[in-house]
Amino acid sequence: MPGSPLRGFSFYMQTFYELTTLLPGTLTDGETESTIAALRKLLEEHGAVIAKHGIWEKRKLAYPVNHVRQGTYVVTEFDMEPAEVAAIERTLHLDKAVLRHIVVKAHKKTAKEIEQEARRRTEHFARSTERQPEQPTEPVKEITKEELEEKLEKILKDDMTL
């Protein structure tokens, strides 16, 4: 709440959110950095307490967005009053430097959960990279035309009796 005397304090009705923003790949590195700085400033102006801020590399998009085929994803996790989220979304929607964005409520992971997730990823990677020993294949038994016709006739006959 903008006029609230408790605005900005982390104990006052804060909810944990994750914001994923897609910036156009056509921006220069300097423009990308300034857009990211403006994004951070916007969040902080609205009372967000940023927990994690990460930039993914430039990636090819699955389909063009506003005629742009590459984009840079920026993921930010933060605590904020729920009433301020609408203002953030409105500002991002109007920003020409932002192709797409999404704000979702997120689960704040504990250190134990982060450790378990890392262990699961490591185990999964180890299992997926292990080579499975090839099973010896049985030699293919050649069958004559007559044997094939007999088997086919038997199958058809059994099928008719059902």
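Conventions and cut-offs
- Residues numbered from 1 in each chain as written.
- Predicted model: local features only at pLDDT ≥ 70, side-chain atom pairs only at ≥ 80, totals over all residues.
- Heavy atoms only, no water.
- Core = buried A, V, L, I, M, F, W, Y, C linked by side-chain atoms within 4.5 Å.
- Buried < 20%, exposed > 50% of the residue type's maximum accessible area, 1.4 Å probe, protein only.
- Helix = DSSP H or I, 4+ residues; strand = E, 2+ residues; numbered from the N terminus.
- Contact = heavy atoms within 4.5 Å.
- Pairing = 2+ DSSP bridges.
- Axes fitted to C-alpha atoms, helices over the stretch in contact; angles between N-to-C directions.
- Patch = residues over 30% accessible without salt bridge, like charges linked within 9 Å, V, L, I, M, F, W, Y side chains within 5 Å.
- Areas by Shrake-Rupley, 256 points an atom, 1.4 Å probe, with all protein chains shown as cover.
- Salt bridge = Lys/Arg side-chain N within 4 Å of Asp/Glu carboxyl O.
- Lys, Arg positive; Asp, Glu negative; His and termini not counted.
- Charge placed at Lys NZ, Arg CZ, Asp CG, Glu CD.
- Phe/Tyr/Trp six-rings, centres within 6.5 Å; stacked < 30°, edge-to-face > 60°.
- Parallel < 35°, antiparallel > 145°, perpendicular 65-115°, else oblique.
- Left-handed = near helix turned anticlockwise from the far one by under 90°.
- Nonpolar A, V, L, I, M, F, W, Y, C, P; charged D, E, K, R; others polar.

Caption draft 1: Representation of the nonpolar core. Formed by 17 residues in total, the largest nonpolar core has its most connected members in Leu19, Leu43, Phe78, Met80 and Leu92. Sorting elements by how many residues they give to this core places helix 1 (residues 29–45) first, with four residues. Setting aside residues no more than four positions away along its own chain, Leu19 makes contact with Leu39, Leu43, Val74, Val75, Thr76, Phe78, Leu92, His101, Ile102 and Val103. Leu22, Leu61, Val65 and Val68 belong to the second-largest nonpolar core, a separate cluster that totals five residues.

Caption draft 2: Spotlight on the sheet that holds strand 3 (residues 68–80). Here four strands make up an open sheet; going across it, the order is 2-3-1-4 and the pairing antiparallel. Since the sheet does not close on itself, it has two edges, and those belong to strand 2 (49–65) and strand 4 (100–105), each with one partner. Recorded for the sheet is a direction-independent mean angle of 20° between the axes of neighbouring strands. Note: strand 2 against strand 3, 10 bridges, orientation antiparallel. Directly across from Lys52, in strand 3, lies its bridge partner Glu77. Set on the sheet, helix 2 (residues 82–94) makes contact with strand 1 (15–24), strand 3 and strand 4; between it and strand 4 the angle comes to about 170°.

Caption draft 3: Fine view of a negative patch on the surface. Taken together, the side chains of Glu146, Glu147, Glu149, Glu150 and Glu153 present a region of like negative charge at the surface. Classification of Glu153 as exposed rests on a relative accessible area of 54%.

Caption draft 4: Representation of the packing of aromatic side chains in the model. Enumeration according to the criterion identifies two aromatic pairs in this entry. Arranged with centres 5.5 Å apart and planes meeting at 45°, the rings of Trp56 and Tyr73 form a pair that is tilted. Of the two residues, Trp56 sits in strand 2 while Tyr73 sits in strand 3, which places them 17 residues apart along the sequence. With a relative accessible area of 38%, Trp56 lands in the partly exposed category. Judged by its relative accessible area of 23%, Tyr73 is partly exposed.

Caption draft 5: Geometry of the packing of helix 1 against helix 2. For the pair helix 1 and helix 2, interaxial distance at closest approach is 10 Å and the crossing angle is 155°. It follows that helix 1 is roughly antiparallel to helix 2 by the angle criterion. In terms of crossing hand, the pair formed by helix 1 and helix 2 is right-handed. Of the residues in helix 2, those in contact with Leu39, Leu42 and Leu43 of helix 1 are Ile88, Thr91 and Leu92. The residue makeup of the contact of helix 1 with helix 2, split by class, is five nonpolar, one polar and no charged.

These figures come from the coordinates and say nothing about function on their own.
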